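Take a look at the letters that make up each chain.
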Amino acid sequence: MVSSPPHPTTAAGRDGLAALLARPEKAVVALDFDGTLAEIVPDPERARAHPGAVPALAALAPRVASVAVVTGRPAGVAVRYGGFAGVPGLEHLVVLGHYGAERWDAVTGTVHAAAPHPGVAPVRAALPGFLDRHGAWPGIWIEEKGRAVAVHTRRAADPDGAFEALKGPLADLAAAHGLVLEPGRLVLELRPPGMDKGVALADYVREIGASSVLYAGDDLGDLPAYAAVEKLRSDGTPGLLVCSAAEARAVPDLADRADLTVAGPAAVVEFLAGLARELEA
């Protein structure tokens, strides 16, 4: 007996899943990376896709129009950490890195990228001294993201206090260089305006000509993608919103808008595997 994927709790989500199952060859399955396909870890450089992620995606990808990983990471980094390159079955996979500013296609194995924003380099250079002047706590650290830069507070003695104390000053620093501040889960990312997962997802869905879309994410940075799916639904393209919510890590703003909530990356992988089995059956 083939087990079915979990059922969405909303009418819009049920419509989205039904549309995907009815015409999978016209469906886009889009997924965040960190917290959705990979567990959140103290050091982002050690994040790796869940062991079942690649097999589940390789089973699902040939049955849909496309699988897209939409991430703030550089596309090449997500490909390495995901183990996506050279995998049979993943020919329909793309990675939209840096919120769509970079794109890796499995078919070619190459990354295409837009020109970097001129404000990122001066912000990168200014950040160490800026954090010192603002009394940054021990344990706060800077992550180099190529087309963006992020400040993490999860290793600080008071992660939430550090996050709140730095949010305003970092927003001012970002604005002074033509960038925007994007808060996440104990991370504050300074990046160019107009770079978000919603723009990347909507553009890709239009490019593919998809008749349905699924998006799964776990953090505040996924809210623009949720909004994009909601807009697509209002325009007549069914969609399903999935929230990856590991224990004690759920983001209420995301979970409240989701059609289906699952318990973290392991459950996301099982959901994708179940979807592939249902399409195969």
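Predicted model only: the values in this text are computed from it and were never measured.

Definitions and cut-offs
- Sequence order as written defines residue numbering, which begins from 1 separately in each chain.
- Totals for whole chains, interfaces and linings use all residues, but because this is a predicted model, local features are given only for residues with pLDDT of at least 70 and pairs of side-chain atoms are given and counted only at 80 or more.
- Side-chain calculation: all heavy atoms of the structure are included, whereas hydrogens and water are not.
- Only protein chains enter the accessibility calculation, which uses a 1.4 Å probe. A residue is then buried if its area is under 20% of the maximum for its type, exposed if over 50%, and partly exposed in between.
- Secondary structure is summarised from DSSP: a helix means a run of H or I of at least four residues, a strand means a run of E of at least two, and numbering begins at the N terminus for each.
- Pairing between strands requires that DSSP locate at least two bridges from one strand to the other.
- In protein, a polar contact means a hydrogen-donor-capable atom and an acceptor-capable atom, both N or O and within 3.5 Å, with residues adjacent in sequence counting only if both atoms are side-chain atoms; elsewhere, any N or O pair within 3.5 Å suffices.
- Multiplying 1.5 Å by the helix residue count minus one yields the expected span of that helix.
- By definition in these notes, contact holds between two residues if any of their heavy atoms fall within 4.5 Å.
- With axes taken as lines fitted to C-alpha atoms, and helix axes fitted only over the stretch in contact, angles between N-to-C directions fall between 0 and 180 degrees.
- An angle below 35 degrees is treated as roughly parallel, one above 145 as roughly antiparallel, one from 65 to 115 as roughly perpendicular, and anything else as oblique.
- The crossing is said to be left-handed when, going from far helix to near helix, the turn is anticlockwise and less than a right angle, and right-handed when the turn is clockwise.
- Note that Gly is not counted as nonpolar here; it falls among the polar residues with everything else outside the nonpolar set of Ala, Val, Leu, Ile, Met, Phe, Trp, Tyr, Cys and Pro and the charged set of Asp, Glu, Lys and Arg.

## Observations regarding the pairing of strand β1 (residues 27-31)
Reasoning step 1: Counting buried positions over the five residues of β1 gives five, a clear majority of the element.
Reasoning step 2: Both faces of β1 are covered, namely the face carrying Ala27, Val29 and Leu31 and the face carrying Val28 and Ala30.
Reasoning step 3: Here five bridges tie β1 to strand β10 (residues 212-217), and the two strands are oriented parallel to one another. For alanine 30, the partnering residue across the bridge sits in β10 and is tyrosine 215.
Reasoning step 4: In terms of strand pairing, β1 meets strand β2 (residues 66-70) through four bridges, oriented parallel.

## Considering the side chain of aspartate 219
Reasoning step 1: Relative to the helices and strands, aspartate 219 resides in the loop between β10 and α7 (223-234).
Reasoning step 2: For aspartate 219, the side chain forms a polar contact with the main-chain nitrogen of arginine 185, separated by 2.9 Å.

## Structural notes on α7
Reasoning step 1: Between the first and last C-alpha of α7 there are 16 Å, a value that for twelve residues agrees with the 16 Å anticipated at 1.5 Å per step.
Reasoning step 2: Buried within α7 we find Leu223, Ala225, Tyr226, Ala228, Val229 and Leu232.
Reasoning step 3: Of the surrounding elements, those touching the buried residues of α7 are α6 (197-208), β10, β11 (239-244) and α8 (252-255).
Reasoning step 4: Residue glycine 236 follows α7 closely and has a positive phi angle near 105°.

## Regarding the packing of helix α2 (residues 53-60) against helix α9 (residues 265-280)
Reasoning step 1: Running from amino to carboxyl end, α2 crosses α9 at an angle of 25°, the nearest separation of the two axes being 8 Å. Relative to α9, α2 is oriented roughly parallel. Crossing handedness for the pair α2 and α9: left-handed. Only Val269, Leu272, Ala273, Leu275, Ala276 and Leu279 of α9 make contact with α2, whose side of the interface consists of Ala53, Ala56, Leu57, Ala59 and Leu60.
Reasoning step 2: Residue composition of the contact of α2 with α9, grouped by class: eleven nonpolar, no polar and no charged.

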